[in-house]
Amino acid sequence: MVVSLLSEVYNGEIKYMQILDENGNVDASLFPKDLDDSKIIQMYKYMNFARAIDAKLLSMQRQGRAVTYAPLLGEEATQVGSAMAMRPNDFFVPSFRQHAVYLVRGLPLEKHFIYWRGFEDGGAIPKEVRGLPVTVPVGSQVPHAVGLAYAQKYKKTGSAVLVYVGDGGTSEGDFYEGINFAGVFKLPLVVIIENNQWAISVPRRMQTAAQTLAQKGIAVGIDSIQVDGNDVFAVYKATKDAIEASHEKPTIIECITYRMSMHTTADDPTKYREDAEVEAWKRKDPIDRLKKYLYSRNLWDDKKENSMKEEQTKAIEDAVRKAEEFKPDPKSMFEHVYSFMPEILKEEYDESIRENFWQG
Amino acid sequence: MNMVGAINNALELLMKENENVILLGEDIGKDGGVFRVTDGLLDKFGPERVIDTPLAESAILGTSIGMALAGLHPIPEIQFAGFMYEGFAQLINHAARYRSRTRSAFQVPMTVRTPVSGGVRTLEHHAESPEAFYSHIGGLIVVEPSNPYDAKGLLIKAVHMNDPVLFLEPTKLYRLFKQEVPEDMYEVEIGKAKVIREGKELTIITYGTMVKVVQNVVERKGTDAEIIDIVTINPLDESKIIESVKKTGRVIIVHEAEHSFGVGAEIAARIAEKAIYSLDAPILRVTSHSFPYPFPGYEQYYIPNEIKVEKAIDKIMSM
């Protein structure tokens, strides 16, 4: 005899939300009520600013003025929409591509450049940003976010924690272990899966046989949703809803977006993907559609566009100048290993100075 | 008190002292831990502070890192050191370097407890001595007590620090012997070795399960040996070792862990760098063999015993 005992437990539906379509039209029934025009303009500015910072770092890397860099091109709506939904006291835990999240949360821009020029000093994220530094090992940041969320619940702060992970990251053990903990302990955690379709050269369909990444939440008892990740309104709304619910349960939000550029400056995407695919996604560009929306509502014009670009270019040039003025202090490498300096480190440092190992 | 009682007592005092101290691990709550080290703490402090977690070592350590970054002081327990490899990346990639990679803007105050070493006929993977792996990594502190008094004081000191500390508990010593242990809070210094017997002819450097073995041989033979229990493996108390070696001119290093590329090799290298001209004989190591820990039926052929220590003493004293 074969019977279905699980029909009540397993409901195979994953909802997909889009509010702003590719042509700039809005689904008014879903439009977030708290999103006023000034906030929408702010979103547009952040998305443009992030794209400009990205372009700057890319060119700096090509000139040898920055280290290997992971561009966010194409993923601005996912990052800006979710970050702007955060309340002042919420925390975020990024992976390594969430440059726009730092921007929205107020990381001093020169810190961003100092980090990507290869200095730990850029990882000293100021407390008021309420975010952790970049995490490079894929997926390993998820348990950290779980621990932060546990601390919020234990201390009854009311804060939620947003953690960002890519499509590739959802294949890591730490992703599963982390969301499983969050489900068991009902933590105030919002998992943003920034599904940009590619994990270096591996396409989304080769990452998992699961139809959606969001459905991984079902296995651990967490509510999940898919949203158009190039639709800043949908990402904003889904994140806002998840944060509001976070006092009683975690949520997974899979944002469907596209990595328009390379994984990092160390690879060439033309080797592993078709131009036609990239072209198709270009038509879904997150900034273009928001621009169409703003123009259609007369909230924006070419003059505003030009002065925004000028301002942003100037801010970037200022930050780059400050970052390039930054002088590393090799002693800091020895001073920040432990809360104290053990004999062996003192000895290694003193010898380096005495023998002039670093004179070059 | 035996070592289990001493650690349990330390945990209770620490949890009473600071409500940010949180325990988490597999079976540590209702079951009180597989060795009963956390027995009774769930009833005293409740399930928010004594957390029975799902079976996931990487998440136990990763979650602890997140808690520590948020200002708590987690004390995760990994049920056996052989299962900690599942969470190795969290310790190496994150716990060890959060401070340095953020220039102290963030720190990871956490104390990871785990049972180590063998001699109690456990199944596979339950008798590992992995201290060298973790000691290789700057940013982590690695301690291993050899008696109940040190276990309590070291654990208290570890939790009073703002660093990630790996607290290795030799399974064999959990209930092997009892000692007078004060009921109150006290600290045993981290980074300081202990000269547990003074001597002039030979220095024997050891820690963990081997301390008792060495003591037994030296007492029985009446060798004029200085015995140093290093207590903290990393950072090593090098000056105490060098001072003793300069006095005696002979060194034997004794540990239970595998022979090759172990803690003994590091200690020998430091002595070679700093005191080679004080040596009257080559440095000897008494260790297990250069292969993974065997099944319980073979462990008596693997762990260094008193005979092996005695032969090494005879050999070095004849050179």
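To keep things clear, this report deals only with the structure shown in the data block. (Residues numbered from 1 in each chain as written. Chains lettered and ligands numbered in written order. Predicted model: local features only at pLDDT ≥ 70, side-chain atom pairs only at ≥ 80, totals over all residues.)

**What about the overall build of chain A?**
Assigned secondary structure in chain A consists of 14 helices and eight strands. Compactness check: chain A gives a C-alpha radius of gyration of 22 Å against a globular reference of 21 Å for 360 residues, within 12% of the reference. The principal-axis extent of the C-alpha atoms belonging to chain A is close to 80 × 60 × 45 Å. Buried positions account for 46% of the 360 residues belonging to chain A. Pairs at least 24 apart in sequence give 76% of the contacts found in chain A among residues at least 6 apart. (Helix = DSSP H or I, 4+ residues; strand = E, 2+ residues; numbered from the N terminus. Rg over C-alpha atoms; globule rule 2.2 N^0.38 Å. Buried ≥ 20, exposed ≤ 12 C-beta atoms within 10 Å, placed from the backbone. Contact = placed C-beta atoms within 7 Å.)

**Structural notes on the packing of helix α3 (residues 57-69) of chain B against helix α4 (residues 88-95) of chain B**
Residues and elements named next belong to chain B. At their nearest, the axes of α3 and α4 sit 8 Å apart, and the two run at 25° to each other. Here α3 is positioned roughly parallel relative to α4, judged by the angle of their axes. Every residue of α4 that contacts α3 at S58, L61, G62 and I65 is listed here: A89, Q90, L91, H94 and A95. (Axes fitted to C-alpha atoms, helices over the stretch in contact; angles between N-to-C directions. Parallel < 35°, antiparallel > 145°, perpendicular 65-115°, else oblique.)

**Some details on the pairing of strand β3 (residues 161-166) of chain A**
All names here are of chain A. Counting buried positions along β3 yields six of six residues, so the element is predominantly enclosed. Sheet topology note: the strand β2 (residues 91-93)/β3 ladder contains three bridges and is parallel. Bridged to F92 within β3 is L162. Two elements, β3 and strand β4 (residues 189-195), share six bridges in a ladder whose sense is parallel. Its bridge partner lying in β4, G166 is registered against E194. (Pairing = 2+ DSSP bridges.)

**Some points on the environment of D267 of chain A**
All names here are of chain A. Residue position: D267 is located in the loop between β8 (251-256) and α10 (275-282). Exposure remark for D267: the 13 C-beta atoms within 10 Å place this residue in the partly exposed category. Aside from chain neighbours lying at most four places away, what touches D267 is I200 and M262.

**Quick look at the nonpolar core**
V80, V163 and I253 of chain A together with V143 and I252 of chain B are the most contacted members of the largest nonpolar core, which totals 183 residues. Top element by residues in this core is helix α1 (residues 37-62) of chain A. It accounts for 10 residues. Discounting chain neighbours no more than four positions away, the residues touching V143 of chain B are L154, A158, V165, F167, L168, I190, V231, T232 and I233 of chain B. (Core = buried A, V, L, I, M, F, W, Y, C linked by C-beta atoms within 7 Å.)

**Things to note about the pairing of strand β9 (residues 225-229) of chain B**
On a regular strand, one side chain projects to one face of the sheet and the next to the other, so that they alternate. All names here are of chain B. Counting buried positions along β9 gives five out of five residues, so the element sits mostly inside the fold. The alternating pattern of β9 places A225, I227 and D229 and E226 and I228 on opposite faces, both of which are buried. Bridge analysis of strand β7 (residues 194-197) against β9 gives three bridges, and the strand direction is antiparallel. Counterpart to K194 in the pairing with β9 is D229.

**Focus on unusual backbone geometry**
Keep in mind that most residues, glycine aside, have a negative phi and that most peptide bonds are trans. Residue and element names in this part refer to chain B. Between N234 and the following residue, P235, the backbone shows a cis peptide bond with an omega angle of 0°. Within the element layout of this structure, P235 appears in the loop between β10 (232-234) and α9 (238-248). Despite not being glycine, R121 shows a phi value in the positive range, around 55°. Tracing the backbone through its elements, the reader meets R121 in the loop between β4 (110-116) and α6 (131-135). Taking the number of C-beta atoms within 10 Å as the measure of exposure, R121 has 12 and is therefore exposed.

**Let's talk about the sheet that holds strand β12 (residues 284-286) of chain B**
Residues and elements named next belong to chain B. The five strands are arranged β7-β9-β8-β11-β12 in an open sheet whose pairing can be described as mixed. Each edge of the open sheet is held by one strand with a lone partner, namely β7 and β12. The mean angle between the axes of side-by-side strands here comes to 25°, regardless of whether they run parallel or antiparallel. Where strand β8 (residues 202-206) lies against β9, five bridges are found, and the strand directions are parallel. From the neighbouring strand, L202 faces β9, where its bridge partner is A225. Together, β7, β8, β9 and β11 (251-254) form the strand contacts of helix α8 (residues 210-221), whose direction differs from that of β9 by roughly 170°. Helix-sheet contacts for helix α10 (residues 263-275) involve β8, β11 and β12, and the interaxial angle to β11 is about 160°.

**Regarding the environment of V278 of chain A**
All names here are of chain A. The residue V278 is located in helix α10 in this model. Sequence separation between V278 and R259 is 19 residues; the distance between their C-alpha atoms is 8.7 Å. Beyond its immediate stretch of four places on either side in the chain, V278 contacts M260 and R273.

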